[in-house]
Amino acid sequence: NSVNSVVVHLGTEIIEQSINHNLKLCLLLPGFINKWKGYESVIMALRKVKKGTVSLTIVGKAIDTAYFKEVCEMAKPDKDISIVEGFVNDSALDTYYQNTDIIIIPYKRITMSAVLTNAIGHGKVIITSSLPQFKEYLGDAGLYFTTVSSLSEMLTRLSTTPSLLEEQRSLIKKLAPSYSF
């Protein structure tokens, strides 16, 4: 079966979220939804990638509601983008991590990132913006982008060359024992 369902508990509400594994790459962008996290750059990059090769799931609580509305409007025409807004408990978040290929962290600035340590702990390939803190933390185990175009080119390469994805996965797995839960 190419479509798996993830049951997500958002407070008292239970939803079922589909994860489409027909697509070559499944991206996850988890965490609080806030303007400084750069979600729009990922959505714009996906528009430049061949349709049906990459999916994006955005999961988290909207902190900036005006920005969240902008993100929803940007994503609305794209069937390869899913947004689950609200608090996601650890169990549901763990399920999302297990059912994705790549964690994407497009932040414009950073203070501390639980998303990053969770991604490492789950042994997932990580793409981040090219902030120095990410490079210092991940080194060669991370993939970094500077522009929307460089991100879309990276996603295209990863979706067409499975060996690149496996190479990055093996580098992350070397870091994972230090971050496993």
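Computed from a predicted structure; not experimentally measured.

S.K.: So what exactly am I meant to see when it comes to helix H4 (residues 114–121) here?
M.R.: Along an α-helix, a turn takes 3.6 residues, which lines up residues three or four apart on a common side. The buried count for H4 comes to six of eight residues, which makes it a mostly enclosed element. The set of residues buried in H4 consists of Val-115, Leu-116, Thr-117, Asn-118, Ala-119 and Ile-120. In the stretch just after H4, Gly-123 is the one whose phi turns positive, near 70°.

S.K.: Is there a simple way to think about empty space enclosed by the protein in this case?
M.R.: A probe as big as a water molecule, rolled over the atoms, marks out the empty space that is left. Scanning all chains against the criterion turns up one cavity of 30 Å³ or more. Here the largest cavity defines a volume of roughly 40 Å³. Surrounding the largest cavity, Leu-46, Val-49, Lys-50, Lys-51, Val-54, Asp-78 and Asp-80 form its lining. Of the residues in the lining of the largest cavity, the class split is three nonpolar, no polar and four charged.

S.K.: I'm lost on the confidence of the model for the chain in this one. Help?
M.R.: In the predicted model, the chain carries a mean pLDDT of 84, and the fraction of residues at 70 or more is 85%. Looking at the elements of the chain, mean pLDDT is at its lowest for strand E1 (residues 3–10), recorded as 41, and at its highest for strand E8 (residues 142–145), recorded as 96. Within the model, the stretch residues 1–16 combines pLDDT values under 50 with 47 contacts to residues more than four positions away or in other chains.

S.K.: Could you clarify how one ought to interpret the nonpolar core in this entry?
M.R.: Most often, soluble globular proteins keep nonpolar side chains buried together rather than apart. Counting residues in hydrophobic clusters, the biggest one holds 31 residues, and the most contacted among them are Leu-56, Ile-58, Ile-102, Ile-127, Leu-151 and Leu-158. At the level of elements, strand E3 (25–30), helix H1 (39–47), strand E4 (54–60), helix H2 (65–75), strand E6 (102–105), strand E7 (125–129), E8 and helix H6 (148–160) are the ones that each hand at least two residues to this core. Setting aside residues up to four positions removed in sequence, Ile-102 forms contacts with Leu-25, Cys-26, Leu-27, Leu-28, Val-125, Ile-127, Leu-158 and Leu-165.

S.K.: What's the story with the pattern of salt bridges in this structure? I'm lost.
M.R.: Where side chains of opposite charge bring their charged atoms close, a pairing between them can arise. Within the structure shown, the criterion is met by five salt bridges. Salt-bridge contacts for Glu-70 lead to Lys-35; the nearest nitrogen and oxygen are separated by 3.8 Å. Linking Glu-70 in helix H2 with Lys-35 in the loop between E3 and H1, this pair joins segments that are 35 residues apart in sequence. The partly exposed category is assigned to Glu-70, whose relative accessible area is 39%. Asp-78 is the salt-bridge partner of Lys-51, the closest N and O atoms lying 3.1 Å from each other. With Lys-51 in the loop between H1 and E4 and Asp-78 in the loop between H2 and strand E5 (81–85), this residue pair connects regions lying 27 residues apart in the sequence. Given the relative accessible area of 48%, Lys-51 is considered partly exposed.

S.K.: Even after reading the chapter, I still don't get the sheet that holds E3, so can you show me in this structure?
M.R.: One key point about sheets: their strands pair by backbone hydrogen bonds, in either a parallel or an antiparallel sense. If you trace the six strands from one edge of the open sheet to the other, you get E5-E4-E3-E6-E7-E8, paired in parallel fashion. Two strands bound the open sheet, and with one partner strand each, they are E5 and E8. When the angles between neighbouring strand axes are averaged without regard to direction, this sheet yields 25°. Where E3 meets E4, six bridges bridge the pair, whose relative direction is parallel. The partner of Leu-28 across the bridge, within E4, is Thr-57. Against the sheet, helix H3 (residues 90–98) contacts E3, E4, E5 and E6, and its axis sits at roughly 150° relative to E3.

S.K.: Help me understand H1 in this model?
M.R.: The element H1 is extensively covered by neighbouring structure, given that seven of its nine residues are classed as buried. Every buried residue of H1 is accounted for by Tyr-39, Glu-40, Ser-41, Val-42, Ile-43, Ala-45 and Leu-46.

What counts and how
- Residues numbered from 1 in each chain as written.
- Predicted model: local features only at pLDDT ≥ 70, side-chain atom pairs only at ≥ 80, totals over all residues.
- Heavy atoms only, no water.
- Buried < 20%, exposed > 50% of the residue type's maximum accessible area, 1.4 Å probe, protein only.
- Helix = DSSP H or I, 4+ residues; strand = E, 2+ residues; numbered from the N terminus.
- 1 Å grid on protein atoms, 1.4 Å probe; cavity = no way out; pocket = protein on both sides within 12 Å on 5 of 7 lines; lining within 4 Å.
- Points joined across faces, edges and corners; volume = space filled by probe spheres on them.
- Nonpolar A, V, L, I, M, F, W, Y, C, P; charged D, E, K, R; others polar.
- pLDDT = per-residue confidence, 0-100.
- Contact = heavy atoms within 4.5 Å.
- Core = buried A, V, L, I, M, F, W, Y, C linked by side-chain atoms within 4.5 Å.
- Salt bridge = Lys/Arg side-chain N within 4 Å of Asp/Glu carboxyl O.
- Pairing = 2+ DSSP bridges.
- Axes fitted to C-alpha atoms, helices over the stretch in contact; angles between N-to-C directions.

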